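# Geometric and topological summary
Below, each chain spelled out in residue letters.
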Amino acid sequence: ELGWISKVYVNPPEVARHAEQIQKWRTVKGNWQAAWLLKAVTCIDLTTLSGDDTPSNVHRMCFKAKHPIREDLLKAMDMHDKGITVAAVCVYPARVTDAVNTLKAAGCNIPVASVAAGFPSGQTPLETKLAEIKLAVQYGAREIDIVISRSLVLSGQWEEKEAELCLYEEIRQCREACGEAHMKTILATGELGSLANVYKASMIAMMAGSDFIKTSTGKEVENATLPVGVVMMRAIKEFYWQTGNKVGFKPAGGIRTAKEAITWLMLVKEELGVEWLKPELFRLGASSLLGDIEKQIFYHVTGYYPLQHDLAMA
């Protein structure tokens, strides 16, 4: 429904002011902070997307996904029997089989997510994108993180004109290729030019069937920012009001500290409500965040920060 798209107006100064206010929110302390941090852990997509990924570092990451916080720390908080794991493990398609087999051998039902569709640039033909998605699903990925062609947004190709591909159709075909797998659509917001384009791309992605909309690949110069998060969440809220369908949100890229994770959780609670604070509707894309969260929980339990050898590599 292009009526939604043509009428979009975003007030950038007001969004920036709101984002500044968010950063000044007083953080939670003590047991409340520990509870928020454990909630953040259950929403993490633990990620490795490096050119030097090997089966061994994927195996290690999968073990960390199943045991994200040291067992004795969880026992001290009486949380050892609550089944706390990360939400998913995210890898390149070539490493999906390694992750699936490792998690299966560990008796763990954590889903494996795979980036696809020309990640991270999106500069590959649609046929290649669809083939990559189908292969990742065939290898066992239960979630697919696709990335859009930024050029379709920057040139305003929202609907099909003659033989030209449009953003809606690209995402719709990717959704079809995913089959039963959940699809997260990466908007690469740092390369879309304006907050209005971020809102429009969010709406188109949801109309085309995305289960989640995601801020970034983590490879752009600018990744997940609070102003972008506000705009995307407002789009999710509007879409929910109009259709009754709840679409998930995933900030990714540059989220490295426990404090930042709590800020994102609080923002989701304020903008979308408590019902979005679960792995089915909120994810944090991160590779190093879990390490800092575990440090903060270690401090909460023991009263001092851990030495280098006290915690396993995240």
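Cut-offs and rules
Residues numbered from 1 in each chain as written. Predicted model: local features only at pLDDT ≥ 70, side-chain atom pairs only at ≥ 80, totals over all residues. Heavy atoms only, no water. UniProt positions renumbered as here; feature names shortened; annotations may be inferred. Phe/Tyr/Trp six-rings, centres within 6.5 Å; stacked < 30°, edge-to-face > 60°. Helix = DSSP H or I, 4+ residues; strand = E, 2+ residues; numbered from the N terminus. Buried < 20%, exposed > 50% of the residue type's maximum accessible area, 1.4 Å probe, protein only. Core = buried A, V, L, I, M, F, W, Y, C linked by side-chain atoms within 4.5 Å. Contact = heavy atoms within 4.5 Å. Salt bridge = Lys/Arg side-chain N within 4 Å of Asp/Glu carboxyl O. Polar contact = N/O pair within 3.5 Å; in protein donor to acceptor, adjacent residues only side chain to side chain. Expected span 1.5 Å × (residues − 1). Pairing = 2+ DSSP bridges. Axes fitted to C-alpha atoms, helices over the stretch in contact; angles between N-to-C directions.

If you look the protein up in an unreviewed UniProt entry, it shows as Deoxyribose-phosphate aldolase from Penelope pileata. Note on the protein: under the UniProt heading Pathway (unreviewed entry), the record states "Carbohydrate degradation; 2-deoxy-D-ribose 1-phosphate degradation; D-glyceraldehyde 3-phosphate and acetaldehyde from 2-deoxy-alpha-D-ribose 1-phosphate: step 2/2."

## A few points about the packing of aromatic side chains
Per the stated rule, a full pass over the model turns up 6 aromatic pairs. Between Phe 249 and Trp 264 the ring centres are 6.0 Å apart and the planes differ by 40 degrees, which places this aromatic pair in the tilted class. Of this pair, Phe 249 sits in strand β7 (residues 248-250) while Trp 264 sits in helix α12 (residues 258-271), and the two are 15 residues apart along the sequence. Overall, the relative accessible area of 4% leaves Trp 264 in the buried class. Ring geometry for Tyr 299 against Tyr 305: centres 4.5 Å apart, planes inclined by 20 degrees, an arrangement best described as stacked.

## Examining the nonpolar core
If you look at the biggest cluster of nonpolar residues, it comprises 100 residues, and the most contacted ones within it are Val 89, Ile 133, Ile 144, Leu 167, Trp 264, Leu 284 and Ile 293. Ranked by the residues each element gives to this core, the list is headed by helix α11 (residues 226-243), at 9 residues. Cys 90, Ala 113, Phe 119 and Val 147 belong to the second largest nonpolar core, which has 7 residues in total.

## Regarding the environment of Glu 294
Mapped onto the elements of the fold, Glu 294 is located in helix α13 (residues 289-302). The spatial distance from the C-alpha of Glu 294 to the C-alpha of Ala 94 is 29 Å, given a sequence separation of 200 residues. For Glu 294, the contacting residues outside a window of four places in its chain are Lys 64, Pro 68, Ile 69, Arg 70, Leu 311 and Ala 312.

## Considering the pattern of salt bridges
Tallied over the entire structure, the rule returns 20 salt bridges. The salt bridge involving Glu 14 is made with Arg 17; its shortest N-O contact spans 2.5 Å. With Glu 14 and Arg 17 both in helix α2 (residues 12-23) and 3 residues apart, the pair spans about one turn of that helix. Note that Asp 45 is salt-bridged to Lys 250, the shortest N-O span being 2.8 Å. Of this pair, Asp 45 sits in strand β1 (residues 44-47) while Lys 250 sits in strand β7, and the two are 205 residues apart along the sequence. Owing to a relative accessible area of 1%, Lys 250 belongs among the buried residues under this scheme. Ionic contacts of the salt-bridge type, sharing partners, join the residues Asp 45, Glu 143, Asp 145, Lys 184, Lys 214, Lys 250 and Arg 283 into one network.

## A few points about the side chain of Thr 215
Tracing the backbone shows Thr 215 in the loop between β6 (212-214) and α11. We classify Thr 215 as buried; its relative accessible area is 0%. Reaching out from Thr 215, the side chain makes a polar contact with the backbone nitrogen of Ala 252 at a distance of 2.9 Å.

## Thoughts on α2
For the α-helix, the turn length of 3.6 residues means that residues three or four positions removed from each other point alike. Over its 12 residues, α2 extends 17 Å from the first C-alpha to the last, a length consistent with the 16 Å expected when each residue adds 1.5 Å. Along its buried surface, α2 packs onto α10 (195-207), α11 and α12.

## Description of the sheet that holds strand β8 (residues 284-286)
Sheet architecture is open: 8 strands sit in the order β7-β6-β5-β4-β3-β2-β1-β8, paired in parallel fashion. The sheet terminates laterally at β7 and β8, the two strands that pair on one side only. In this sheet, neighbouring strand axes are inclined to one another by 25 degrees on average, regardless of whether the strands run parallel or antiparallel. Where β6 and β7 come together, 3 bridges link them in parallel fashion. Paired with Phe 212 across the bridge in β7 is Gly 248. Across the sheet, helix α9 (residues 167-178) touches β4 (143-147) and β5 (182-186), and the angle it forms with β5 is around 150 degrees. Packing against the sheet, α11 makes contact with β6 and β7, and its axis sits at approximately 170 degrees to β7.

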